[in-house]
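Descriptive analysis of the structure
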Amino acid sequence: LSTGSPTVLLTPRFVAHTQCVVAENSFCSLVSSCMMAVSTASMEHVKPLQWTRKFAGGLRADLYRRGPCYLSDWTDAFTGQWRQKCTSSTLFIFFACLSAAISFGALFDKGTGGQLGAFETILSSALSGVVWSIFSGQPLAIMGATGPELAYTIVFLKMCDSLGLEFLPARVWQGLWCAFFTILLALFDGSAVCAYITQFTEDVFSALISFTYILAALNNIFRAFEGSTKAAFFQFLLSFGAFGLSMYLRTFRNTPWMTKWLRNAFANFGATISLLIFSGIAGAFSGVAVETLNLPEKFEPTMKLSDGAVRPWVINPFGMERGFPVWGIFFTAFPALGLCILGFLDQNLTTLLINRKANALKKPPAYHWDLLVCGIFIYPLCSILGLPFTHAATIRSLTNLTSLTDYKEVVHQDKGTKTTTTVKVPDAVAEQRVSHLVIHVLIGLSTFLAPVLKLLPLSVCYGIFLYMGISSMSGNPFFDRISLWFIWDTRMYPALPCMQGVELTKLHLYTAIQLICFSILLVMTRVDAVAAFFPFFLVLIGILRPLLPHIFTKHELEVLDSSSVEDNDAASLQRKKEPQEDELRRRTSQQRKMVDEDGSNDHNFSLESKDNISDEAVNDAATQTKKVVDILPDLEGLAVGIDETVAGS
């Protein structure tokens with residue numbers, strides 16, 4: 001068993017002796033190990049979206065999983081592997097988030113009559129982003145204003161006007177109630193509801209957000225033709241020029257031009273390069289009137305009071321210009337519940353999309369902890385300062401994820417037609433907090449750089465918006481399956497992973513069901529009267545999902561609708577291990593029985609006198625034996641896992 005030790009054969013008598021020695025020498029360490037195991041055993045096997053049936057059980061499990069990664073979240077950005085990637089992503093996402101904040105701010109300003117404006121939206125994005133980068137469990141998510149939040153804010157404003165309530169003081173109480181409800185959801189494992197959300201819902205939601213940005217960009221680009229045709233055509237060229245150059249530079253690393261380092265640099269900084277180049281072109285043609293960013297000259301709120309004074313930064317919850325009634329405090333709890341549901345869906349659906357197994361993330365999620373951060377920090381901060389509420393913005397979050405991802409090419413071959421399709425899949429992701437923090441610090445500092453930012457043409461920002469929407473469509477199986485409808489010769493179908501072992505009629509039926517849900521959602525977001533209710537339709541889609549097994553077989557759903565929750569389902573893994581462990585115990589019992597029988601006949605085993613064996617040799621043999629016994633379950637599990645992998649292949 002070890003070099004230089006006497007030859008010892010394992011018999012029941014020897015094993016009993018070594019067990020006594022191990023027990024005597026390691027009793028204290030065994031007790032301390034057991035105490036540590038008791039404190040963590042309850043959290044070790046809790047999956048990310050599991051009902052723990054314990055107070056703050058999900059929160060404690062999130063901290064147990066994510067806590068050890070916190071230091072590396074800050075150091076990984078400075079490694080040689082990710083330094084350039086994080087730098088390029090920071091510049092790109094900064095302009096993307098800033099232009100999004102300005103665009104949403106203009107809409108908030110118009111919808112609320114100047115009570116919330118672009119300046120408040122920029123400041124809200126900056127403050128919530130800094131808080132999120134420090135305290136969140138998933139720092140890849142980008143916090144910002146969203147379309148559903150804008151629609152819900154306008155609905156709440158109309159409710160306040162009809163009841164004679166001041167809007168901003170009412171928003172303070174609405175935000176505090178929403179924070180209270182969100183904290184309750186975090187403490188009682190509310191995010192576990194998302195365990196029922198599968199790729200069916202995620203794909204529809206992701207497609208909706210991508211299309212929303214594309215339509216918003218195109219709408220603003222073509223709206224310019226309502227004015228001067230000459231200026232509109234020039235802005236049209238700027239928008240699509242910035243979009244086209246960004247798309248080209250995105251694939252520049254696959255070209256043979258220049259060196260590998262330069263190709264990667266151009267690909268990583270593509271959107272930023274496009275924005276600067278076409279902003280310079282716009283500045284060169286000073287004779288053409290081009291609309292640029294509109295920012296306030298001073299660091300002050302947008303709203304003016306009735307006496308012409310600027311409203312204070314801290315909102316008085318009991319009224320700014322007139323008293324706020326007590327019944328209004330309790331009334332705001334009802335719209336706050338709707339806001340809580342909206343934030344819950346926005347937050348969790350976005351983080352679910354980020355945490356999908358296909359994105360190749362290595363660090364665990366923390367859904368409950370993320371909700372707690374929103375409830376404790378973000379909602380109260382935005383409500384007291386009179387800023388738009390922020391949620392995890394799906395399109396910006398997915399764009400941020402894409403900009404921090406290294407991809408590799410994978411070739412899929414169709415077994416029938418033998419055609420091959422090359423697909424880019426994520427290989428590794430820069431999972432860190434530094435770029436997120438720097439982005440939102442820059443957004444905050446941009447409030448002092450209004451003279452410079454005012455030179456950026458809005459048309460170029462719209463082109464970057466269009467690029468964000470188009471680029472986020474790649475990798476969505478929903479769009480891949482829709483593209484098959486335009487290929488009439490089925491022999492020319494690409495070898496997509498979602499086609500393996502699924503009949504074409506069932507494949508197209510599944511796509512059609514998703515398309516119907518997507519179309520309803522898209523219409524709801526475009527109609528102001530029902531825009532605030534679109535999150536509730538997302539809940540209905542989640543209810544519709546359990547009906548699919550009546551239409552599709554289990555294998556078809558495994559291919560078409562693989563659940564992202566199962567990727568991190570520790571309980572599922574534990575259930576798979578239990579039969580393996582039972583089988584291992586059965587085999588071990590049989591082997592021990594055989595050893596006992598052979599030892600009793602004294603045919604195959606012999607043992608030197610215990611007095612002739614030194615204590616050191618006995619301890620050494622016992623240690624080696626314990627190591628062998630300890631790794632047996634791992635080896636057995638590895639063997640079963642290999643068998644399952646081979647069978648799956």
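Here the structure is a predicted model, which is why all the values come from computation and not from measurement.

1. Some details on the overall build of the protein chain
Across its full length, the protein chain holds 25 helices and four strands. For the protein chain, with 649 residues in total, the buried portion stands at 48%. The contacts in the protein chain between residues at least 6 apart in sequence include a share of 80% that link residues at least 24 apart. With the model as given, the accessible surface of the protein chain reaches about 31800 Å², and the carbon-plus-sulfur share is 65%.

2. Some details on the nonpolar core
By size, the foremost hydrophobic cluster in this structure holds 142 residues, and its most contacted members are Ile378 and Ile541. Residues in contact with Ile378, not counting those within four places in the same chain, are Ser128, Val131, Trp132, Met143, Val373 and Thr390.

3. Thoughts on helix H7 (residues 147–163)
Look at H7: 25 Å from first C-alpha to last across 17 residues, which is about the 24 Å you get at 1.5 Å a residue. Buried within H7 we find Pro148, Glu149, Leu150, Ala151, Tyr152, Thr153, Phe156, Leu157 and Cys160.

4. What about the side chain of Ser403?
Positionally, Ser403 belongs in helix H16 (residues 394–403). Here Ser403 falls in the buried class, since its relative accessible area comes to 13%. A polar contact of 2.7 Å, which involves the side chain of Ser403, links it to the side chain of Ser89. Aside from chain neighbours lying at most four places away, what touches Ser403 is Lys85, Ser89, Phe92 and Ile93.

5. With respect to the state of the cysteines
If you walk through the whole model with that rule in mind, you get zero disulfides. Cys340 provides the cysteine sulfur closest to Cys178, a residue in no disulfide bond, and the two sulfurs are 5.0 Å apart. Classification of Cys178 as buried rests on a relative accessible area of 0%.

6. Remarks on the pattern of salt bridges
Using the criterion set out here, one finds 10 salt bridges in the structure. Its salt-bridge partner being Lys363, residue Asp76 comes within 3.1 Å of it at the nearest N-O pair. Remark: Lys363 occurs in the loop between helix H14 (333–354) and helix H15 (367–385) and Asp76 occurs in the loop between helix H4 (70–75) and helix H5 (83–111); sequence separation between them is 287 residues. By relative accessible area, Lys363 is classed as buried at 13%. Salt bridges sharing partners connect three or more residues here, namely Arg66, Asp73, Asp76, Lys363 and Arg433.

7. Describing H14
For H14, built from 22 residues, the straight-helix expectation of 32 Å at 1.5 Å per residue is met to within 8% by its first-to-last C-alpha distance of 31 Å. Burial within H14 is extensive, with 19 of its 22 residues counted as buried.

8. Some details on unusual backbone geometry
Residue Arg53 is not a glycine yet carries a positive backbone phi of 60 degrees. Along the chain, Arg53 turns up in the loop between helix H2 (27–44) and helix H3 (57–66). Positive phi outside glycine occurs at Ala56, with the angle close to 55 degrees. In this structure, Ala56 sits in the loop between H2 and H3. Residue Ala56 is classed as buried on the basis of its relative accessible area, which comes to 11%.

9. Details of the packing of aromatic side chains
Ring pairs (aromatic) are described by centroid distance and by the angle formed between their planes. This structure, assessed with the given rule, holds 27 aromatic pairs. Both rings, one in Trp173 and one in Phe318, keep their centres 5.7 Å apart while their planes meet at 70 degrees; by these two values the pair is edge-to-face. Taken together, the positions of Trp173 in helix H8 (residues 167–187) and Phe318 in the loop between helix H12 (270–284) and helix H13 (326–331) put the pair 145 residues apart, joining distant regions of the chain. Aromatic ring contacts, followed pair by pair, group Phe222, Phe225, Phe233, Phe236 and Phe240 into a single cluster.

10. Examining the side chain of Asn355
For Asn355, the position within the fold is in the loop between H14 and H15. Residue classification places Asn355 among the buried positions, given a relative accessible area of 8%. A polar atom in the side chain of Asn355 sits 3.2 Å from the side chain of Tyr367.

11. A closer look at the packing of helix H10 (residues 229–250) against H12
Contact geometry of H10 with H12 gives a least axis separation of 8 Å together with a crossing angle of 155 degrees. When the axis of H10 is compared with that of H12, the two are roughly antiparallel. In this structure, H10 meets H12 at a crossing whose hand is right-handed. Here Phe234, Leu237, Leu238, Gly241, Ala242, Leu245, Ser246 and Leu249 of H10 come into contact with H12, specifically with Gly270, Ala271, Ile273, Ser274, Ile277, Phe278, Ile281 and Ala282.

12. Quick word on the confidence of the model for the protein chain
With 76% of its residues at a pLDDT of 70 or more, the protein chain has an overall mean of 76. Throughout residues 1–41 the model reports pLDDT below 50, and contacts reaching past four residues in sequence, or to other chains, amount to 30 contacts.

13. Concerning the environment of Phe518
Tracing the chain through its elements places Phe518 in helix H21 (residues 504–526). Take Phe518: its relative accessible area is 6%, and that puts it in the buried class. Between the C-alpha atom of Phe518 and that of Thr201, which follows or precedes it by 317 residues, the distance is 9.6 Å. When sequence neighbours within four positions are dropped, the list of residues in contact with Phe518 reads Val204, Ala207, Leu208, Phe211 and Phe478.

14. Description of the packing of H14 against H16
Their axes nearest at 10 Å, the elements H14 and H16 cross at an angle of 20 degrees. The angle between H14 and H16 falls in the class roughly parallel. The chirality of how H14 crosses H16 is right-handed. For the pair formed by H14 and H16, the contact residues are Thr350, Leu353 and Ile354 on the first element and Thr394, Ser397, Leu398 and Leu401 on the second. A class-by-class count of the residues in the contact of H14 with H16 yields four nonpolar, three polar and no charged.

15. Overview of the environment of Arg66
Its place among the elements puts Arg66 in helix H3. Between the alpha carbons of Arg66 and Ser136 there is a distance of 9.9 Å; along the sequence they are 70 residues apart. Once residues lying within four places of it in the same chain are set aside, the contact partners of Arg66 are Asp73, Gly137, Pro139, Lys363, Pro364, Ala366 and Arg433. Among the polar contacts made by the side chain of Arg66, one reaches the main-chain carbonyl oxygen of Gly137 at a distance of 3.2 Å.

Reading the values: rules and limits
Residues numbered from 1 in each chain as written. Predicted model: local features only at pLDDT ≥ 70, side-chain atom pairs only at ≥ 80, totals over all residues. Heavy atoms only, no water. Helix = DSSP H or I, 4+ residues; strand = E, 2+ residues; numbered from the N terminus. Buried < 20%, exposed > 50% of the residue type's maximum accessible area, 1.4 Å probe, protein only. Contact = heavy atoms within 4.5 Å. Areas by Shrake-Rupley, 256 points an atom, 1.4 Å probe, with all protein chains shown as cover. Core = buried A, V, L, I, M, F, W, Y, C linked by side-chain atoms within 4.5 Å. Expected span 1.5 Å × (residues − 1). Polar contact = N/O pair within 3.5 Å; in protein donor to acceptor, adjacent residues only side chain to side chain. Disulfide = S-S within 2.5 Å. Salt bridge = Lys/Arg side-chain N within 4 Å of Asp/Glu carboxyl O. Phe/Tyr/Trp six-rings, centres within 6.5 Å; stacked < 30°, edge-to-face > 60°. Axes fitted to C-alpha atoms, helices over the stretch in contact; angles between N-to-C directions. Parallel < 35°, antiparallel > 145°, perpendicular 65-115°, else oblique. Left-handed = near helix turned anticlockwise from the far one by under 90°. pLDDT = per-residue confidence, 0-100. Nonpolar A, V, L, I, M, F, W, Y, C, P; charged D, E, K, R; others polar.

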